[in-house]
Amino acid sequence: MAWTAISTRDGATPIARGGWLDALRFIVASLIILHHFQASGPRPLAEAVHPMFELSGFLLTNFFLMDSGYVLMRVYGEQVRLGRLSPGEFVLKRVLRVVPAHLIVLSGLIGLVLAVGVLGASPTHPEWFAWDQLPAQALLVQAFGVHGGLGWNAPTWSISALIGCYLAFPWIVRTLSRADPWTALAWGVGVYLLANQTTWLLLDHPVWQMPMRYGFFRALALFFLGMCLARFAAAAWIDPRLARWTLALSALAFFALQFAGKFGLASIGVIALIVLAAGAVPVTRPSKWVQTAAVVSFAMFVSNEVVRIGWFGAVDVAAAKLDLSEPVRWALWGLGLAAAVGFAFAFHFLIDEPIQSRLRRWLKGRRDPVVADSAPAAPRQV
């Protein structure tokens, strides 16, 4: 019998926690922290080691945007399509997942800036804390062309953009449900390439690296591609051997591209292969550690910039007063990385998860009992 690597007639690999998809979320979140911190050492890593530490950061965020479309489609797509989860319920569920943590972290940063001012000092980079930038960021509208969003906790532009994607999610589900797996895959690739060409013509930017004020369009193209990959993956069986080899070779190709130069569009294609392959590798031995790390990745993403600002603000003051040597400053830089990860774990378990537990109980209570009883259980914290 001939070996068939991909088949739409066999059962697809089910999505599960504790496998490669979860591991990648934590790995990419860690690399995002490294990217944000790379310029804060005694010398930027982009100068001391390789330019990829600065140039490839936008691709790591792109991974999260594409992966979000993939995972949400695999977890919630069928529930939304069948009406077990209404569009309003889906959007509310997702907004409540991201907004509380965003507001708490941003409030902490505002408090830190005000405290520094009360003590008679000023931030190392006061231009990062212009008050006219804050309203759009607090309301998470900075990715829709609204003035603001620079400085403060700037990476939250992607959360702003994802809220727009959440609003579009139910309508994309209905469209993709009418397409066969291969057609959906072709739509994802074709729409992304069309979006890239359009943004080049109209805005002189590739869609994969548009300015933050146009972040929704950048995110939607990636989110849609991720959903199309999920539509394909949910209906196609991919041989685990092929999935594992594709995952390994695609990861190597991604780092090789970053080492060689700025190959944004090719890198997006490799990221798509990584996501598709990771979802096709069966999770035979789910790891609780990997699952927990993946759940904490959101806290890592939303809080690392605030930790960086606070940590290196203190390090800069100490370096000036104590005349710290370069090796000591590099040691403090490494401790800053550890502090960002440690803070994220603490924030998740002590603040974010207790809030989310209460919100999950509230959401469960407000749903119609009949609908709630008939809906399949979804994994926690996607």
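What you see is a predicted model; the values in this text were computed from it and never measured.

Here the focus is the environment of leucine 96. Tracing the sequence through the fold places leucine 96 in helix α5 (residues 87–118). The class of leucine 96 is buried, set by a relative accessible area of 18%.

Time to look at the packing of aromatic side chains. Counting across every chain of the model gives 18 aromatic pairs. Taken together, a centroid distance of 5.4 Å and an interplanar angle of 20° make the contact between phenylalanine 58 and tryptophan 208 stacked. Of the two residues, phenylalanine 58 is situated in helix α4 (residues 57–81) and tryptophan 208 in the loop between α8 (181–203) and α9 (215–235); the sequence distance between them amounts to 150 residues. Take phenylalanine 58: its relative accessible area is 11%, and that puts it in the buried class. Ring geometry for tryptophan 128 against phenylalanine 129: centres 6.4 Å apart, planes inclined by 70°, an arrangement best described as edge-to-face. On the basis of relative accessible area, tryptophan 128 is assigned to the partly exposed category, the value being 27%. By relative accessible area, phenylalanine 129 is classed as buried at 8%. These aromatic residues form a ring-pair network of at least three members: Tyr76, Phe90, Tyr166, Phe169 and Phe223.

Further remarks concern the nonpolar core. With 101 residues, the main nonpolar core has Met66, Phe90, Phe169 and Ile268 as its most contacted residues. The greatest single-element share of this core, amounting to 14 residues, is contributed by α4.

What counts, and where the lines are drawn
Residues numbered from 1 in each chain as written. Predicted model: local features only at pLDDT ≥ 70, side-chain atom pairs only at ≥ 80, totals over all residues. Heavy atoms only, no water. Helix = DSSP H or I, 4+ residues; strand = E, 2+ residues; numbered from the N terminus. Buried < 20%, exposed > 50% of the residue type's maximum accessible area, 1.4 Å probe, protein only. Phe/Tyr/Trp six-rings, centres within 6.5 Å; stacked < 30°, edge-to-face > 60°. Core = buried A, V, L, I, M, F, W, Y, C linked by side-chain atoms within 4.5 Å.

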